[in-house]
Amino acid sequence: MTRSKTVITFGTYDLFHIGHLNVLHRAAALGGRLVVGVSSDALNFSKKAAFPVFSQADRMAIIRAIRVVDEVFLEESLEQKGDYIRAHHADVLVMGDDWAGKFDMFRSLCEVVYLPRTEGISTTAIKQGLERERIVQA
Ligand code: CTP
């Protein structure tokens, strides 16, 4: 019997929005099991010098509640992607196409697929929109 494919993907998923939902559905459609690495608060702080709006515990709880997600874990280091792929026996790594080409080194471990992002929405844009509103109302 052939084992169905395990798909793995990573992200912050702060202020969960339709772009996040779309990519999770598309990733899930590539295999039989979807594992999601949610980046830790500390990892986000080290990348962006700011913490996400929602805590890692809340972001993980939201992703865990998505029907197509089978397992959620905390991504604590960008350097450990290969270890996470191996530990979760992933057959496919999915990343948004804003990362196109950047994860090709993992092709020795698994299939690497870059999916098109949903246009016109991002956590950064939502935050900027809220900030503009706050300034206008002040
Ligand atoms: N994603 C997507 N379409 C969007 C936004 C995000 O497909 N419009 C995907 C990303 O490619 C990634 C996952 O959702 O695979 C998590 O992305 P994340 O960086 O957490 O979300 P963004 O909304 O892009 O956040 P930011 O603006 O802070 O980068």
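That block above? That's the structure.
The present account deals with the structure reproduced in this document. It should be emphasised that the depicted structure is a prediction, and the values quoted were computed from it without experimental measurement.

**Some remarks on unusual backbone geometry**
Backbone geometry follows two general trends: most residues other than glycine have a negative phi, and most peptide bonds adopt the trans configuration.
Right, so step 1: Its identity is not glycine, yet Tyr-13 carries a phi of approximately 55°, on the positive side.
Right, so step 2: By the element assignment, Tyr-13 lies in the loop between β1 (6-11) and α1 (18-28).
Right, so step 3: When its relative accessible area of 7% is taken as the criterion, Tyr-13 is described as buried.
Right, so step 4: The phi torsion at Leu-15 lies on the positive side, around 50°, for a residue other than glycine.
Right, so step 5: Within the element layout of this structure, Leu-15 appears in the loop between β1 and α1.

**What about the sheet that holds strand β5 (residues 111-115)?**
Picture the strands of a sheet paired through backbone hydrogen bonds; they go either parallel or antiparallel.
Right, so step 1: Reading across from one edge, β3-β2-β1-β4-β5 is the order of the five strands in this open sheet, with parallel pairing throughout. Looking at the sheet topology across the chains shown, the edges are occupied by β3 (71-75) and β5. Going across the sheet, the axis of each strand differs from the next one's by a mean of 25°, ignoring polarity.

**Observations concerning the nonpolar core**
Right, so step 1: By size, the foremost hydrophobic cluster in this structure holds 19 residues, and its most contacted members are Leu-24, Leu-34, Val-36, Val-38, Ile-63, Val-68 and Val-69.
Right, so step 2: Of all the secondary-structure elements, those providing two or more residues to this core are α1, β2 (33-39), α3 (56-64), β3 and β4 (92-96).
Right, so step 3: Beyond its immediate sequence surroundings of up to four residues, Ile-63 is in contact with Tyr-13, Phe-16, Leu-24, Val-36, Val-38, Val-69 and Val-72.
Right, so step 4: Core analysis: the next-biggest nonpolar cluster, separate from the first, contains 14 residues, Tyr-84, Ala-90, Phe-103 and Phe-106 among them.

**So, the pattern of salt bridges**
Right, so step 1: Under the criterion given, the structure shown has nine salt bridges.
Right, so step 2: With its nearest N and O atoms 3.9 Å apart, the salt bridge here joins Lys-127 to Asp-14. Of this pair, Lys-127 sits in helix α5 (residues 123-137) while Asp-14 sits in the loop between β1 and α1, and the two are 113 residues apart along the sequence.
Right, so step 3: Under the relative-accessibility criterion, Lys-127 is labelled partly exposed at 35%.
Right, so step 4: Note that Arg-117 is salt-bridged to Asp-98, the shortest N-O span being 3.2 Å. Here Arg-117, found in the loop between β5 and α5, pairs with Asp-98, found in the loop between β4 and β5; they are 19 residues apart in sequence, far enough to count as distant.
Right, so step 5: Given a relative accessible area of 43%, Arg-117 falls into the partly exposed group.

**Focus: the side chain of Ser-77**
Right, so step 1: Note that Ser-77 resides in the loop between β3 and α4 (81-87).
Right, so step 2: For Ser-77, a relative accessible area of 13% translates into the label buried.
Right, so step 3: A polar contact of 3.1 Å, which involves the side chain of Ser-77, links it to the backbone nitrogen of Glu-79.

Reading guide: rules and limits
Residues numbered from 1 in each chain as written. Predicted model: local features only at pLDDT ≥ 70, side-chain atom pairs only at ≥ 80, totals over all residues. Heavy atoms only, no water. Helix = DSSP H or I, 4+ residues; strand = E, 2+ residues; numbered from the N terminus. Buried < 20%, exposed > 50% of the residue type's maximum accessible area, 1.4 Å probe, protein only. Pairing = 2+ DSSP bridges. Axes fitted to C-alpha atoms, helices over the stretch in contact; angles between N-to-C directions. Core = buried A, V, L, I, M, F, W, Y, C linked by side-chain atoms within 4.5 Å. Contact = heavy atoms within 4.5 Å. Salt bridge = Lys/Arg side-chain N within 4 Å of Asp/Glu carboxyl O. Polar contact = N/O pair within 3.5 Å; in protein donor to acceptor, adjacent residues only side chain to side chain.

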